[in-house]
Every structure is written in C-alpha cells, then in structure tokens.
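These are the residues of each chain, in order.
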Amino acid sequence: MEDIPALEKKFEEKIASGIVIEPKDWMPERYRKQLIRMMSQHAHSEVVGMLPEGNWVTRAPSLRRKVGLLAKVQDEAGHGLYIYSATETLGADRAKLVDDLHTGKAKYSSIFNYPTLTWADIGAIGWLVDGAAIVNQTALAKCSYGPYARAMIRICKEESFHNKQGYEILASLMKGPPEQQKMAQDSINRWWWPCLMMFGPSDGASPNSEELMRWKVKRYTNDELRQRFIDRTIPQAEHIGLTMPDPDLKYNETTRHYEFGEINWEEFNQVIKGNGPCNYERVHARKDADEKGLWVREAAEAYAKKKLTMNS
Ligand code: 3HC
C-alpha cells in the first residue's frame, strides 16, 4: 500500500488533469469531509425548501397553478433524496445527517427561512431562488466528485421547469390589475436581497472556497456566481416591468456587468445562526415530520428484513 504523501500526490494530479473522483477512489479525508458537509447541507436545503412552497398548495389560485406547484414541491423532495444518496456514497450515515439538521449542527440554505406571505412569493421563489440554484448547480455539474456532478445534471433539468413556472406566475400578475402588479413587486422587494445571500459570503469571507476551488468542487467563487445570477436576472425583470429594490443597481458598459449595492451581511449571519424569520418553524416542521414518519420507516425496514429472510 502506497504511503499517504504518494496517494495525496496522485489525487492532486487526478484533480489537476480533470479526472472525476469516484466513491471507490482514494481521497484525502478532508476532501471527503468537505463534500459530506456541502452535499448534506444541499440535501437539507432541498427538503426544507419544500416548506415555504407547501404553504401555498391548498391556496393556489387555480387548479393549473396547484398542479404546477405540487409538481415542483415533489421535485424538491426527490432532489433532497437524490443528494442524500450521493452523500451516502462517501460513507455518510443518512440518519446522522438528518439528526445534524434537527439539532442545528448542520446548515441549510438561508433563503428558506423567509415567509411566503402572498401567492406572488411562489413566483419569486420559482424565478429567483430556483434561478439562483440553476446558476450554482450548473457549475456543480462540473465538480470533481462524480456522484454529485451527475446528480446535478438531472436536478438542473427540473430546476429550469421551476424557474420558468415562477417567471410565468409573475409575468401573469404583472399583466393583471394594479393590485396584482403591486403584490408581484412587493414580493420581489422582499426576496431579492435574501436571494443574493444564497451564494454565500463574499469571497474574502468564505473559509471553504479556497480549498473547494483547488479541489474543483467549486468551479467558480461565490461572488462570480452571484454576479452571473444578477446579470441574467435583471433583463428578465425589466422585460415584465419589475424593478429590484437596489438604488445602486446599474449596468456598467465597460465591464458588461451590473453593479449592485451592499448586501446586509449582518442579516445573513443572523439567519445562518438560526435567528431568521422562520428558522424555528422550519426545523420544528422537519422534526415533527420525522417523528410522524418513524412508523413508515420501521414498517419498510421490517418488510425488507422479512423479504430478505424469505429469499435466503
Ligand atoms: N445559507 C446557509 N449557510 C450558508 C449559506 C447560505 N446561503 N452560504 C454559506 N453558508 C455557510 C456555509 O455552509 C459555511 O458554513 P459551514 O462551514 O458551517 O458549513 C459558511 O456559511 C461559510 O460559507 P462558505 O462560502 O465558506 O461555504 P461554502 O464554500 O460551502 O459555500 C455554498 C456555500 C455556496 C452554499 C456552497 O455550500 C454550495 O454551493 N452548496 C451547494 C448548493 C446548495 O447548497 N444550494 C442551496 C440551495 S438549494 C436550492 O435552492 C433548492 C432549489 O431547488 C430551490
């Protein structure tokens, strides 16, 4: 068996030459730990992300809207389970990951700690939150860890449906009476800045980015992806008559990027510390669902064991 320095050297060479790392390949413990952290938090985000949207399934304004929202919420559940499975290929124990979410040890995306106050919020989430997720996840589809990269390919296809259905909800409201236009603009005013926070702290304040970039887990920095999201979203907003709540937003013809105002990092830090508007409610709902679903998991395990003994 080769010594660790030789194995590390080989690993770095594989990463540098763009070879994808698979579950059975040797990898530094730190690489494994970073992936388990990032992937499990991603999976938690997908599952918790169902809650703000689920709040509107019974109150959707039409059967068509209800069907579209139900499909999206079900997709998010699938994304969560898909990414938990990818995390398990690193030797992680799913029950432990879920427990870390319930005890507050693990994070999930800050964005899901904001309330969905009106139907327009469902449009804002689909268009902005899933739009941000698409920018982030299309980059992750090129990450160095095979199972994660492959999971992103399928997930991104479903995210683009979510993004389009959110944009269409807002476009319809903006063609509606003044009250509907006001509801849509109010929603953007509440969701725009928290969406920019989804990409994480600015590059100088990101303790994980340097390592994740070196190992090609992250292919772009937090600020690069945030800028890419802003540049693609503003023209879409203008197309349907929405304005962003940022007086400093302006297009720079030289850099060909939008300049934007200062993000409220104090708010971000408070939300990720658990002091956001809905943190308690979200974690409580997940713990409650986990307790209520215990009998289903026990029955499935008992059935699987019985089947195993019958076939052996
Ligand atoms: N919400 C909560 N925590 C966040 C955060 C956010 N928006 N942004 C950063 N953090 C946390 C990080 O987890 C890290 O804390 P930790 O070390 O205790 O885990 C700390 O803040 C410092 O941030 P870093 O930038 O150093 O952390 P990362 O390098 O991990 O970058 C990230 C953060 C950009 C979120 C990265 O982890 C990532 O790309 N994760 C995968 C994608 C993901 O999780 N997306 C969440 C949204 S899922 C979604 O939108 C579903 C869609 O279907 C609607």
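Residues numbered from 1 in each chain as written. Predicted model: local features only at pLDDT ≥ 70, side-chain atom pairs only at ≥ 80, totals over all residues. Heavy atoms only, no water.

Novice: What should I look at first to understand the overall build of the chain in this one?
Specialist: Across its full length, the chain holds 13 helices and 2 strands. Computed over its C-alpha atoms, the radius of gyration of the chain comes to 21 Å, within 12% of the 20 Å expected for a compact globule of 312 residues. Summarising its shape, the C-alpha atoms of the chain cover approximately 70 × 55 × 35 Å along the three principal directions. The buried share of the chain, reckoned over its 312 residues, is 47%. Put simply, the chain shows about 16,000 Å² of open surface, and 59% of that area lies on carbon and sulfur atoms. Of the side-chain charges in the chain, 43 are positive and 43 negative, and the distance between the mean point of each set is 5 Å. (Helix = DSSP H or I, 4+ residues; strand = E, 2+ residues; numbered from the N terminus. Rg over C-alpha atoms; globule rule 2.2 N^0.38 Å. Buried < 20%, exposed > 50% of the residue type's maximum accessible area, 1.4 Å probe, protein only. Areas by Shrake-Rupley, 256 points an atom, 1.4 Å probe, with all protein chains shown as cover. Lys, Arg positive; Asp, Glu negative; His and termini not counted. Charge placed at Lys NZ, Arg CZ, Asp CG, Glu CD.)

Novice: Before we go on, may I ask you to explain the layout of surface pockets in this structure?
Specialist: Over the atoms, a rolled probe matching the size of one water molecule traces out where space is still vacant. Approximately 1,100 Å³ is the volume attributed to the largest pocket. Lining the largest pocket are 47 residues, with Gln41, Ser109, Asn136, Met198 and Gly200 positioned closest to its centre. When contributions to the lining of the largest pocket are tallied by element, the ones reaching two or more residues are helix 2 (29-48), helix 4 (63-88), helix 6 (120-140), helix 7 (146-174), helix 9 (209-214), helix 10 (222-239) and helix 11 (265-275). Looking at the lining of the largest pocket, the element that brings in the most residues is helix 6, giving 9 residues. Around the second largest pocket, the lining comprises 15 residues; the ones closest to its centre are Arg94, Val98, Arg286, Asp290 and Arg297. With 6 residues, helix 5 (residues 94-103) is the single largest residue contributor to the lining of the second largest pocket. The residue inventory of the lining of the second largest pocket, partitioned by class, reads 9 nonpolar, 1 polar and 5 charged. (1 Å grid on protein atoms, 1.4 Å probe; cavity = no way out; pocket = protein on both sides within 12 Å on 5 of 7 lines; lining within 4 Å. Points joined across faces, edges and corners; volume = space filled by probe spheres on them. Nonpolar A, V, L, I, M, F, W, Y, C, P; charged D, E, K, R; others polar.)

Novice: I would appreciate a short explanation of the pattern of salt bridges in the present structure.
Specialist: A side chain with one charge can pair with a side chain of the opposite charge if their charged atoms come near. This structure, assessed with the given rule, holds 23 salt bridges. A salt bridge links Glu53 to Lys72; the nearest nitrogen and oxygen atoms lie 2.7 Å apart. Note that Glu53 is positioned in helix 3 (residues 50-54) and Lys72 in helix 4, a separation of 19 residues in sequence. With respect to class, Glu53 is no different from Lys72; both count as buried. Note that Arg297 and Asp290 form a salt bridge whose closest N and O atoms lie 3.5 Å from each other. A relative accessible area of 34% places Arg297 in the partly exposed class. Look at the salt bridges and you will find they share partners, linking Glu53, Lys72, Glu76 and Asp130 into a network. (Salt bridge = Lys/Arg side-chain N within 4 Å of Asp/Glu carboxyl O.)

Novice: So what exactly am I meant to see when it comes to unusual backbone geometry here?
Specialist: Glycine aside, residues mostly have negative phi, and peptide bonds are mostly found in the trans state. Although it is not a glycine, Lys216 sits at a positive phi angle of roughly 55°. Within the fold, Lys216 resides in the loop between helix 9 and helix 10.

Novice: Explanation requested: the nonpolar core in the structure shown.
Specialist: Where a protein is soluble and globular, its nonpolar side chains tend to be buried together. Counting residues in hydrophobic clusters, the biggest one holds 51 residues, and the most contacted among them are Trp127, Leu170, Trp192, Phe229 and Leu242. Of all the secondary-structure elements, those providing two or more residues to this core are helix 4, helix 6, helix 7, helix 8 (178-197), helix 10 and helix 11. The biggest single contributor to this core is helix 6, with 10 residues. The contact partners of Trp127, leaving out residues within four places of it in the chain, are Asn163, Gly166, Tyr167, Leu170, Ile188, Thr233, Gln236, Ala237, Leu242 and Met244. Ala43, Leu140, Cys143 and Trp215 belong to the second-largest nonpolar core, a separate cluster that totals 29 residues. (Core = buried A, V, L, I, M, F, W, Y, C linked by side-chain atoms within 4.5 Å. Contact = heavy atoms within 4.5 Å.)

Novice: Please explain the site of the ligand as it appears in this structure.
Specialist: Of all residues adjacent to the ligand, which total 32 residues, the nearest are Glu76, Lys107, Ser110, Glu159 and Lys218. Ser110 is positioned such that a nitrogen or oxygen atom in its backbone is 2.8 Å from a nitrogen atom of the ligand. Residue Pro207 places a main-chain N or O atom 3.3 Å away from an oxygen atom belonging to the ligand. Its free accessible area being 1,000 Å², the ligand has 89% of it covered by the protein chains. Using a 2 Å cut-off from the grid points, one finds that the ligand occupies the largest pocket. At the level of elements, helix 2, helix 6, helix 7 and helix 11 are the ones that each hand at least two residues to the shell around the ligand. If one sorts the elements of the shell around the ligand by residue count, helix 2 sits on top with 6 residues. (Near = heavy atom within 4 Å. Polar contact = N/O pair within 3.5 Å; in protein donor to acceptor, adjacent residues only side chain to side chain. Sits in = over half its atoms within 2 Å of the grid points.)

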